[in-house]
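Notes for the structure review
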Amino acid sequence: MNGRFARKITVITGAATGIGAATARRFAGEGAILLLADVNEAEGTKLTEELSKAGATAQFIRTDVRNATEVEALLQAAVDRHGALHVLFNNAGIGAYGKTADLDIETWHQVIAVDLDAVFYGIRAAIPRMKAGGGGVIVNTASISGMFGDYGLAAYNAAKAGVINLTRTAAIDYARDGIRINAVCPGPVETPLLNPILMLPTAREEYARLVPMGRVGKPEEIAAAVAFLASEDASYITGTTLVVDGGVTAATGQANFSRLMGE
């Protein structure tokens, strides 16, 4: 097996679809041994079979990342089955529309549990296993929504902001243990999470107007960033957030003066 991740034992949560699935395919193509986790058994199993038929070593383990015990068991399975844990991609996530005063408490807790608590569970379970193996890499899926505010995404924005600062803190806590921890911050990406928005009548036109590159991203483009952060190409990078957003956060949010001028 050749590639940057040859024989690297890699766990990916939220692996069944979207960014997780694209990352699984990317890592498989670069030689990783994969444990794929999701609550979507049908899609997770389908992806695992696809990768196995292509010659990769991949296993699917149904995991509810809201449950710390299940996350612990997932990472222990990597060690039990393959002898080590080299890479963890904490990717599972959900969204929910709701302004702060209108958001019901159950929805708030659900989003925080999947998008933030699960990242904490993953890091917490991975650290001792990576330390025992001499080091490792953790990449967390945050979002540009954790860097700035969005209309009507109170829980999601709060959770993703938490992921960003948890990433920074964990990174400095364990840097001398040979463990690098970073976050990737996608902008709008064509995934099941965003698809309900993209199906609205004028959504794509709105993104084409607001995104400097004129389009939403592809899951494979985020997977490429994750692969970079997890590889030795990023050996001196820890505690950072890598923004992959087509230029959205490069703008101030003011009107497009060039467009107003008719250029």
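Every value quoted in this text rests on a predicted model; they were computed, and no experiment measured them.

Criteria and thresholds
- Residues numbered from 1 in each chain as written.
- Predicted model: local features only at pLDDT ≥ 70, side-chain atom pairs only at ≥ 80, totals over all residues.
- Heavy atoms only, no water.
- Helix = DSSP H or I, 4+ residues; strand = E, 2+ residues; numbered from the N terminus.
- Pairing = 2+ DSSP bridges.
- Axes fitted to C-alpha atoms, helices over the stretch in contact; angles between N-to-C directions.
- Contact = heavy atoms within 4.5 Å.
- Salt bridge = Lys/Arg side-chain N within 4 Å of Asp/Glu carboxyl O.
- Buried < 20%, exposed > 50% of the residue type's maximum accessible area, 1.4 Å probe, protein only.
- Right-handed = clockwise from strand over helix to strand, strands pointing away.

Some words on unusual backbone geometry
Residue R7 is not a glycine yet carries a positive backbone phi of 65°. The residue R7 is located in the segment before strand 1 (9-13) in this model.

What about the sheet that holds strand 4 (residues 87-90)?
One open sheet holds the seven strands; their spatial order is 3-2-1-4-5-6-7, and the pairing between them is parallel. Where the open sheet ends on each side, the last strands, each with one partner, are strand 3 (57-62) and strand 7 (241-244). Across the sheet, the mean angle separating the axes of adjacent strands is 15° when strand polarity is ignored. One ladder, built from three bridges, connects strand 1 with strand 4; its direction is parallel. Bridged to T10 within strand 4 is V87. Against the sheet, helix 3 (residues 68-82) touches strand 1, strand 2 (33-38), strand 3 and strand 4, its axis set at about 155° to strand 3. Sitting on the sheet, helix 4 (residues 105-132) is in contact with strand 4, strand 5 (136-141) and strand 6 (179-186), with an inclination near 175° to strand 4.

Thoughts on the pattern of salt bridges
Summed over the entire model, instances satisfying the criterion amount to ten salt bridges. R4 is the partner of D233 in a salt bridge, and the nearest nitrogen-oxygen pair spans 3.0 Å. Placement of the pair is D233 in the loop between helix 8 (219-230) and strand 7 and R4 in the segment before strand 1, with a sequence separation of 229 residues. Linking R209 and E206 is a salt bridge whose minimum nitrogen-to-oxygen distance equals 2.9 Å. One end of the pair, R209, and the other, E206, are both in helix 7 (residues 203-210), three residues apart, so they sit about a helical turn from each other. Given a relative accessible area of 43%, R209 falls into the partly exposed group.

Here we look at the pairing of strand 5
The buried fraction of strand 5 is high, at six of six residues. Of the two faces of strand 5, the one carrying G136, I138 and N140 and the one carrying V137, V139 and T141 are both buried. Alignment of strand 4 against strand 5, held across four bridges, turns out to be parallel. Bridge pairing in strand 5 places N90 opposite N140. The β-α-β motif built from strand 5, the intervening helix 5 (residues 154-174) and the parallel element strand 6 has right-handed crossover chirality.

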